[in-house]
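Read off the chains here:
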Amino acid sequence: MTPGLLRMRILSKTFLAAMLTLCIVQRSSAETEEIRRLIEHVRTGPSLYRTPEAIAYFARKGNDFTPSSQDREEAIRSLRAAIILGEKGARAENAIEVLINKFPRAQHVVVLRSETFGPGEGSFEDWLQTYALSAKNKFLLSSVLLEYAMASRCEDFIDITLDKEFVDKSVSGGRITGAVVDVYVVLTFNAASCGLNRLTGQDFGMDQMAWRSWFTRQGGSFVPVSTSASQRSTSTTTSVPLASGTDLDDVVLKGRYRMVLATGDEMVGTVEGLDDTSVVFETTDGRGYKFNKGLVVEHELIALPEKMQAPAETDGRYAESRIYTFSQIRRNPPAGGKLSVRVLSGKEFIGNLASIDDQYLRLSIDGSEVPFGKDAIAQIASVVEKKQPTTSAAPKKDNGPFDTLFVKNPETDEYGKPLEDLIFVGTILEEQSRTVVFRTRDGQKKTFSYEDIKRRISHRKKEGFDAIEKYGKPLFCPDGMALVDVPPGKKGRPFFKVCIDKYEYPNTKGTVPKGNVSYQEAQELCESQGKRLCTTDEWKWACSGLEEYQYPYGESFNENYCNGEGNRRLESSGNRSKCLSKFGVYDMMGNIFEWVTDQDGKPMLMGGPLSKCHTISPGVGGSAKPITGFRCCKSN
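Residues numbered from 1 in each chain as written. Predicted model: local features only at pLDDT ≥ 70, side-chain atom pairs only at ≥ 80, totals over all residues. Heavy atoms only, no water.

Chemist: Help me out: how do you make sense of the overall build of the protein chain in this one?
Modeler: For the protein chain, the helix and strand inventory stands at 13 helices and 29 strands. For the protein chain, with 636 residues in total, the buried portion stands at 45%. Contacts in the protein chain between residues far apart in sequence, at least 24 positions, make up 64% of those at least 6 positions apart. Only carbon and sulfur atoms are counted for the fraction: they give 51% of the accessible area of the protein chain, which is about 32,000 Å². (Helix = DSSP H or I, 4+ residues; strand = E, 2+ residues; numbered from the N terminus. Buried < 20%, exposed > 50% of the residue type's maximum accessible area, 1.4 Å probe, protein only. Contact = heavy atoms within 4.5 Å. Areas by Shrake-Rupley, 256 points an atom, 1.4 Å probe, with all protein chains shown as cover.)

Chemist: Looking at this structure, I do not really get the nonpolar core. What am I missing?
Modeler: Side chains that are nonpolar tend, in soluble globular proteins, to be buried together. Leu 85, Leu 145, Leu 146 and Phe 189 are the most contacted members of the largest nonpolar core, which totals 57 residues. Non-local contacts of Phe 189, meaning those with residues more than four positions away in its chain, are made with Leu 79, Ile 83, Arg 105, Ala 106, Phe 139, Leu 146, Ala 151, Cys 154, Phe 157 and Ile 158. Counting 23 residues, the second-largest nonpolar core is a separate cluster that includes Cys 534, Cys 543, Met 588 and Cys 613. (Core = buried A, V, L, I, M, F, W, Y, C linked by side-chain atoms within 4.5 Å.)

Chemist: It is not clear to me how helix 7 (residues 191–200) should be interpreted in this structure. Could you clarify?
Modeler: Along an α-helix, residues three or four positions apart point the same way, because every turn accommodates 3.6 residues. Most of helix 7 is tucked away: 10 of the 10 residues are buried. Those residues of helix 7 that fall on the buried side of the exposure criterion are Ala 191, Ala 192, Ser 193, Cys 194, Gly 195, Leu 196, Asn 197, Arg 198, Leu 199 and Thr 200. Positioned one or two residues after helix 7, Gly 201 has a phi angle of 80°, which is positive.

Chemist: Looking at this model, I keep getting lost on the packing of helix 3 (residues 72–86) against helix 7. Mind explaining?
Modeler: Each pair of packed helices can be summarised by the angle the axes make with each other and by the distance between the axes. One can describe the packing of helix 3 onto helix 7 by two numbers: an axis separation of 7 Å at closest approach and a directional angle of 15°. When the axes of helix 3 and helix 7 are compared, the pair comes out roughly parallel. Crossing handedness for the pair helix 3 and helix 7: left-handed. Contacts from Leu 79, Ala 82, Ile 83, Leu 85 and Gly 86 in helix 3 reach Ala 191, Gly 195, Arg 198 and Leu 199 in helix 7. Of the residues in the contact of helix 3 with helix 7, the class split is six nonpolar, two polar and one charged. (Axes fitted to C-alpha atoms, helices over the stretch in contact; angles between N-to-C directions. Parallel < 35°, antiparallel > 145°, perpendicular 65-115°, else oblique. Left-handed = near helix turned anticlockwise from the far one by under 90°. Nonpolar A, V, L, I, M, F, W, Y, C, P; charged D, E, K, R; others polar.)

Chemist: What should I look at first to understand the sheet that holds strand 28 (residues 628–629) in this one?
Modeler: Strand pairing in a sheet relies on backbone hydrogen bonds. The paired strands run either parallel or antiparallel. Taken in spatial order, the four strands of this open sheet run 27-26-25-28, and their pairing is mixed. Edge strands, defined here as strands with exactly one partner in the open sheet, are strand 27 (616–618) and strand 28. Direction of pairing for strand 25 (residues 590–597) relative to strand 28: parallel, over a ladder of two bridges. Its bridge partner lying in strand 28, Phe 593 is registered against Thr 628. Its contacts with the sheet put helix 13 (residues 536–544) on strand 25, strand 26 (603–608) and strand 27, and the angle it makes with strand 26 is roughly 10°. (Pairing = 2+ DSSP bridges.)

Chemist: Would you explain the state of the cysteines in this entry?
Modeler: Cysteine pairs can be linked by a disulfide, which is a covalent bond between their two sulfur atoms. Summed over all chains, the structure comprises six disulfides. Paired by a disulfide, Cys 477 and Cys 499 hold their sulfur atoms 2.0 Å apart. The sign of the S-S torsion, about -90°, decides the handedness of the disulfide formed by Cys 477 and Cys 499: left-handed. Taken as a pair, Cys 477 in the loop between helix 11 (464–472) and strand 22 (481–484) and Cys 499 in strand 23 (residues 498–501) lie far apart in primary sequence, 22 residues in all. (Disulfide = S-S within 2.5 Å.)

Chemist: Is there a simple way to think about the sheet that holds strand 2 (residues 105–117) in this case?
Modeler: One open sheet holds the four strands; their spatial order is 1-2-4-3, and the pairing between them is mixed. Looking at which strands have only one partner, the edges of the open sheet turn out to be strand 1 (48–50) and strand 3 (158–172). If you compare each strand with its neighbour and ignore which way they point, the axes differ by 25° on average. Of the pairings in the sheet, the one linking strand 2 to strand 4 (residues 175–189) comprises 10 bridges and is antiparallel in character. Looking at the pairing, Val 111 lines up with Tyr 184 of strand 4.

Chemist: Whenever I open this one, the pairing of strand 6 (residues 256–261) confuses me. Can you help?
Modeler: On a regular strand, one side chain projects to one face of the sheet and the next to the other, so that they alternate. When you tally the buried positions in strand 6, you get six out of six residues, the bulk of the element. Burial along strand 6 is two-sided: the residues Arg 256, Arg 258 and Val 260 and Tyr 257, Met 259 and Leu 261 are all buried. Relative to strand 7 (residues 266–274), strand 6 runs antiparallel, the two being bridged by five bridges. Paired with Arg 256 across the bridge in strand 7 is Thr 270. Here strand 6 runs beside strand 10 (residues 296–303); their pairing, made up of six bridges, is antiparallel.

On their own, these measurements won't tell you what the molecule is for.
So, in structure tokens, the structure goes:
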């Protein structure tokens, strides 16, 4: 190689290195400017924004709170900025003080008039709680403040408060047996806590003073977490990626985006064209723009083009017959039949079209209208119910072993005294939040309310030699654990005996249980002590006992026995002496949700606020949430 050619190669490599360094500096500068702009959105936004519904509700309560700003767009920019800052990690360290001091949040109130509660609907408290969960889901889906893709990232930071006004009420035996109620569901969306949790890895909930105290203890600074396990586990996974900065290589043509320009303009719409230098953009209100790519400081994908969206999953009862766009349904609503609406998170809802306007499509599902914001919808399809194969063969009878239910007899004798309980023998097919689905020995399918079930005896069909062999061996429990076993001479053995922690982890009386724990982390912590996570059956027996009570303390619900506000305020273990099962295990209801393993080895959750001994909740993939904890078991 000649000296001249060698010099040229060296100069070429030097030039490339210099250009690469310049690109990195420019991108870093763009991100720094983006973080500065997001912090300014928080700084200039309101600390608390209330929707018109919330203002009306609080005014009725005598709270004439007048926020410093009721600019809806200003509030939305602030909420969105707090969420995005939380995902910047260590790069947004200087946002922490602003987030703590401003503490942006928003309140919305859902009002339900003259709702009727009656027999067969479980306890009044459980019935009321269903409205809270429904209102939260509708709040997320209908994009009251933020589009679903953004709001769902912080769904664990929505505080729910229930208020009620009785129009009519009947009480028997100290319990509400019937009522007509106006229900007010107060939803507080705490963008500050969400952003701070992801930025710092700390969890002080909605307590602004606790955040300030922590920040002061850190000397006004902290060591920011990277994308650690705790940060990943508390984030909500969605199918919509977030992209920011000036690099538009990931932009999908015909995708729906939110874009922010260096001029401060923010717009939502569809990318209609894209070349090396320019973006052609059509907003949702039909306006067209063409601007230089260098002007884009932030872009967020809201929905993929329709042709790229995967077909919606159905529950097996329905098959898709045609895919529609929102505009097609708007122009020519289909007559009759059911629609499937799949939102950006992948969840699917099937119902009848109730109404549609420029912004919302409303489905009638089980008698309630559920609104879906236009920008939250990934796919709309018409569906038809599949024909189920018919057979003339007699239903196959179960040969046992059988389950037994003792059900309250609705009839009385001539003196008004209830007749003896009805006894049904068969198989428990499914346990829902308020009912048990049961198949009798002759093949009849029945549904019973938990409130009407006086006692139940369950029998496992697959005991297996190993389980029975383990059951026959003696088992001695270490300190801090209780033995779950059936006393000798009694029938209905669960075909296992097990030791279970008396208190939620760290299994110490007077200590607040550990939250924000993933399923895997819970397994590892139990294994480090020579224990393991409990199975659903073991946990249920430890809670309900041989009598299979609905609650650890008996059949009747008592709101004062256990901590029913665990989703807002955890209490120290053993704080409530009456929240105790027959085996001496504390806080199996209320306080924190606990990880367990089902028969297929999948993560599930039991316990927690307003649950029953038999309530098993989905394990959401085993990821950690602020109120997921655990206790350990040990067996032969």
